[in-house]
Amino acid sequence: MGMVFTMIKELQFLLKNSENIDSALIVSPENRRYFTEFPSSDGFLLVTRDDAVFITDSRYIEAAENKVTECKTALQKREISQVYDFFKSNGAEKVGIEASRMTVSELAKFDNALKEISIDFSGELDNMIDALRMVKSESEIEKIKKAQKIAEGAFDDICGFIKPGVTEKEIALRLEYYMLTHGAEGLSFETIAVSGKNTSMPHGVPTDKKIEVGDFVTMDYGALYDGYHSDMTRTVAVGKVSDEQKKVYNTVLEAQKAGLDFIRPGVSGKDADRVSRDIIENAGYGEYFGHSLGHGVGVEIHEKPNLSPSSEFILKKGNVVTVEPGIYVPGKFGVRIEDFAVITENGAENMTHCPKELIILSLIHISEPTRPY
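Parameters and conventions
Residues numbered from 1 in each chain as written. Predicted model: local features only at pLDDT ≥ 70, side-chain atom pairs only at ≥ 80, totals over all residues. Heavy atoms only, no water. Helix = DSSP H or I, 4+ residues; strand = E, 2+ residues; numbered from the N terminus. Buried < 20%, exposed > 50% of the residue type's maximum accessible area, 1.4 Å probe, protein only. Pairing = 2+ DSSP bridges. Contact = heavy atoms within 4.5 Å. Core = buried A, V, L, I, M, F, W, Y, C linked by side-chain atoms within 4.5 Å. Disulfide = S-S within 2.5 Å.

Draft legend 1. Expanded view of unusual backbone geometry. Along the chain, lysine 304 connects to proline 305 via a cis peptide bond; the corresponding omega equals 5°. Mapped onto the elements, proline 305 comes out in strand E14 (residues 303–307). In this structure, glutamate 37 takes a positive phi of about 65° despite not being glycine. Turning to its location among the elements, glutamate 37 is positioned in the loop between helix H2 (29–36) and strand E2 (44–48). Residue glutamate 37 is classed as partly exposed on the basis of its relative accessible area, which comes to 25%. A positive phi is found at lysine 115, a non-glycine position, where the angle reads about 50°. Inspection of the secondary structure puts lysine 115 in the loop between helix H5 (104–113) and strand E6 (118–120). Taking relative accessible area as the criterion, lysine 115 reaches 56% and is therefore assigned exposed.

If you want it as structure tokens, here you go:
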């Protein structure tokens with residue numbers, strides 16, 4: 001029994017126990033792929049309590065027929081009327097949609113096409129899917145670990161490339177080139193590689209700025225492997241650091257380790273966030289940590305559960321979350337350190353194995369930068 005079979009069956013089980021919806025209309029690329037393991041830019045996954053079909057167009061149908069084994073596949077012909085026919089033949093009366101992902105125009109189109117079948121846009125289907133996606137299976141965790149291993153190879157490579165004179169854009173390009181030539185099917189998100197004063201911007205965009213002696217370089221990036229993302233951030237120094245840089249770095253490191261040590265089943269997202277945030281606030285940098293401690297990672301780079309000041313989520317075995325505190329001093333510099341971990345029976349397994357103690361890259365032993373292509 002494969003993972004996909006389990007996931008569709010799990011959704012059907014939830015539908016059988018729901019008073020509000022008896023079927024599901026899934027249109028988002030992320031959720032279509034989650035349930036079918038098949039990537040496509042178009043199509044519908046229709047699920048009733050006892051049946052399921054993946055409908056896609058002529059560009060994908062042959063590949064889908066070969067790949068999708070745990071539900072039926074069908075060629076998309078008349079589009080919307082096909083959706084109605086399937087639900088009608090299965091006796092569906094209340095169809096749940098992805099309320100957080102469907103556009104108003106899509107809703108209007110389906111509402112018109114499904115005639116007497118009612119559409120539920122309360123978010124119940126979103127909640128069902130989130131509940132399934134938050135708890136990762138062993139095969140999902142293996143894919144995430146493979147994605148992370150590719151990203152870690154890129155970190156080893158980049159530490160020999162960073163030196164004064166290299167630009168932020170060149171660092172980002174090299175990270176991406178390494179991942180795409182070492183097994184990644186894509187990038188988790190647009191690579192962040194910033195240096196010097198630019199590190200005070202948590203999601204800064206790489207520029208033509210050249211690396212200088214004394215700079216921090218922050219790199220936040222990830223690899224996509226078989227539909228699953230990795231996510232890591234490392235901040236390294238070039239040549240030397242000031243006392244203030246060292247203090248900020250070690251404060252973030254302490255906060256990051258404390259957060260990782262704290263997460264386990266039964267812990268809430270806001271309590272996890274508080275453990276790390278307290279350390280940063282007690283060091284006098286509370287106003288410079290503006291974002292949440294972490295987020296879930298899976299078929300999307302940001303998914304539930306969240307570790308944030310307002311998160312009521314209770315962590316459970318199988319959740320995958322990032323732990324990424326940061327301090328960002330405007331006009332000076334910033335530091336972020338990010339690992340991600342899977343919640344286990346009574347703790348958490350850190351899936352990030354790159355060193356995170358302060359790395360000060362030597363100016364003597366660094367080879368001449370080579371172009372990544």
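Draft legend 2. Summary view of the sheet that holds strand E12 (residues 232–238). Sheet architecture is open: four strands sit in the order E8-E9-E12-E20, paired in mixed fashion. Edge positions in the sheet fall to strand E8 (192–195) and strand E20 (360–361), since each of these pairs with one other strand and no more. Bridge count for E8 against strand E9 (residues 216–221) is four bridges, and the pairing is antiparallel. Residue pairing for E9: isoleucine 192 is matched across the bridge by aspartate 220.

Draft legend 3. How the structure looks around the side chain of serine 195. Tracing the chain through its elements places serine 195 in strand E8. Classification of serine 195 as buried rests on a relative accessible area of 0%. Those residues within four positions of serine 195 in sequence are excluded, and the remaining contacts are Glu168, Lys209, Ile211, Asp215, Phe216 and Val217.

Draft legend 4. Structural view of the sheet that holds strand E11 (residues 228–229). The three strands lie next to each other as E7-E10-E11, forming an open sheet whose pairing is antiparallel. Either end of the sheet is taken by a strand with one partner, and the two such strands are strand E7 (186–187) and E11. With two bridges joining them, strand E10 (residues 223–225) and E11 adopt antiparallel strand pairing. Pairing of leucine 224 across the sheet is with histidine 229, part of E11.

Draft legend 5. Spatial organisation of the nonpolar core. The biggest cluster of nonpolar side chains holds 33 residues, and the ones touching the most others in it are Leu11, Ile26, Phe35 and Leu125. Sorting the residues of this core by element identifies helix H1 (3–16), strand E1 (23–26), H2, E2, strand E3 (52–56), helix H6 (124–134), helix H7 (138–159) and strand E18 (339–343) as the ones contributing at least two each. Once residues lying within four places of it in the same chain are set aside, the contact partners of leucine 11 are Ala24, Ile26, Phe35, Val47, Leu125, Met128 and Leu132. Judged by nonpolar contacts, the second largest core, of 26 residues, contains Val166, Tyr178, Tyr221 and Ala223.

Draft legend 6. Region of interest: the state of the cysteines. Following the criterion strictly, the structure yields zero disulfides and no others. Not part of a disulfide, cysteine 159 finds its nearest cysteine sulfur in cysteine 354, a span of 8.0 Å. Overall, the relative accessible area of 17% leaves cysteine 159 in the buried class. A residue is classified by how much of its surface remains accessible, and cysteine 354, at 7% relative accessible area, is buried.

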